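Observations on the model geometry
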Amino acid sequence: VTLQGIGTVDASGSRTVNPSSSTTYVAVAKGPGGTQEASARVTVNQPPATAAAAGPSEEELFARSVKDLYFDYDKYNIRPADAPSADGDARFFLDHPNVKVLIEGHCDDRGSEEYNLALGDSRATSMKEALLKAGVEAERIKTISYGKEKPFCSSDDEPCWQQNRRAHLVFQK
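So, here is what we can say about the structure in this document. Since the model is a prediction, treat every value here as computed from it, not as a measurement. (Residues numbered from 1 in each chain as written. Predicted model: local features only at pLDDT ≥ 70, side-chain atom pairs only at ≥ 80, totals over all residues. Heavy atoms only, no water.)

1. A word on the nonpolar core
Cut-off, in case you're wondering: The nonpolar core is taken to be a set of buried Ala, Val, Leu, Ile, Met, Phe, Trp, Tyr and Cys residues, with the residues joined through side-chain atoms within 4.5 Å. The buried label goes to any residue with under 20% of its type's maximum accessible area, the exposed label to any with over 50%, and the partly exposed label to all in between, with areas taken from a 1.4 Å probe on protein chains only. Numbering goes from the N terminus for both helices and strands, where a helix is a DSSP run of H or I of at least four residues and a strand is a run of E of at least two. Pairs of residues are marked as contacts when any of their non-hydrogen atoms sit within 4.5 Å.
Residues Phe-62, Phe-93, Val-101, Ile-103, Met-127, Leu-131 and Leu-169 are the most contacted members of the largest nonpolar core, which totals 19 residues. When residues of this core are traced back to their parent elements, those giving at least two are helix H3 (83-95), strand S6 (100-106), helix H4 (113-134) and strand S8 (166-172). Of all the elements, H3 adds the most residues to this core, at four residues. Other than its neighbours up to four places away in sequence, Met-127 contacts Leu-69, Ile-78, Ala-86, Asp-89, Ile-103, Ala-167 and Leu-169.

2. Details of the sheet that holds S8
The line we're drawing: For two strands to be treated as a pair, DSSP must find no fewer than two bridges joining them. Note on geometry: axes are lines fitted to C-alpha atoms, helical ones only across the stretch in contact, with angles between N-to-C directions running from 0 to 180 degrees.
Strand order in the open sheet made by the four strands is S5-S8-S6-S7, with mixed pairing throughout. Of all strands in the sheet, those bounded by a partner on one side alone are strand S5 (69-70) and strand S7 (141-147). Two strands pair when backbone bridges link them, and S6 and S8 are joined in this way by six bridges, in the antiparallel orientation. Among the inter-strand pairings, Gly-105 is bridged to a residue of S8, identified as Ala-167. Sheet strands touched by helix H2 (residues 58-65): S6 and S8. Its angle to S8, the strand with the most contacts, is close to 165°. Here H4 sits on the sheet in contact with S5, S6, S7 and S8, set at roughly 155° to S7.

3. Section: the environment of Ala-11
The topology assignment puts Ala-11 in the loop between strand S2 (7-8) and strand S3 (23-31). Accessibility expressed as a relative area gives 76% for Ala-11, which makes it exposed. Distance in space between the C-alpha atoms of Ala-11 and Leu-61 is 57 Å, their sequence separation being 50 residues.

4. Notes on the packing of H3 against H4
Heads up, the rule is: Every angle not falling under 35 degrees, over 145, or within 65 to 115 is termed oblique; those three ranges are roughly parallel, roughly antiparallel and roughly perpendicular. A crossing counts as left-handed when the near helix is turned anticlockwise from the far one by less than a right angle, and as right-handed when that turn is clockwise. Each residue receives one of three labels: charged for Asp, Glu, Lys and Arg, nonpolar for Ala, Val, Leu, Ile, Met, Phe, Trp, Tyr, Cys and Pro, and polar for the others, Gly being one of them.
Viewed as axis vectors pointing N to C, H3 and H4 meet at an angle of 55°, and their least axial separation amounts to 9 Å. Here H3 is positioned oblique relative to H4, judged by the angle of their axes. Regarding H3 and H4, the two cross each other, and that crossing is right-handed. Here H3 contributes Ala-86, Asp-89, Ala-90, Phe-93 and Leu-94 to the contact with H4, which in turn contributes Met-127, Leu-131 and Ala-134. Looking at side-chain class alone, the contact of H3 with H4 contains seven nonpolar, no polar and one charged residues.

5. Some words on the environment of Asp-10
Structurally, Asp-10 can be placed in the loop between S2 and S3. Sequence spacing of Asp-10 and Ala-29 is 19 residues, and the spatial spacing of their C-alpha atoms is 10.0 Å.

6. Remarks on the pattern of salt bridges
Condition: Here, a salt bridge means any Lys or Arg side-chain nitrogen found within 4 Å of an Asp or Glu carboxyl oxygen.
Applying the stated criterion to the full structure yields seven salt bridges. With a shortest N-O distance of 3.0 Å, Asp-72 and Arg-79 are connected by a salt bridge. Between Glu-158 and Arg-165 there is a salt bridge, with the nearest N and O atoms lying 2.7 Å from each other. By relative accessible area, Glu-158 is classed as partly exposed at 38%.

As structure tokens, this is what we get:
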């Protein structure tokens, strides 16, 4: 058996081919009974894009781009120094219209549980309002308050308390 453009193959053998584009192969078999010809078409499709070629996922971009906001003691208004972070977060959401977010309101461990739940809610709502004002759709934003229940840091000092007074943004699908 001869495969045109490839060479000979045993009558009961096989041959691996790796064409770079779609190709029709013609096989010619010659023997005591005569000559027979047949063709086979091999279709080559482009391989699917790999994740590396496609670039980072929206979740990876979210983790790199979106920043938490921090608050002063007993306050829920966005500090002027943190306004650029809030603006950057809003730009990210405007540039990625399929991304949703959960904004968690957190507090340090001083004050009652009820008070801190209310303050955490005000902090999450403050961040939500900043996103809404920038043009992010309300249906893409959810809020929750954890008050002092999920601290980031557990030391009893001002640097730790500052890290716990935050609006934490969480990627949502």
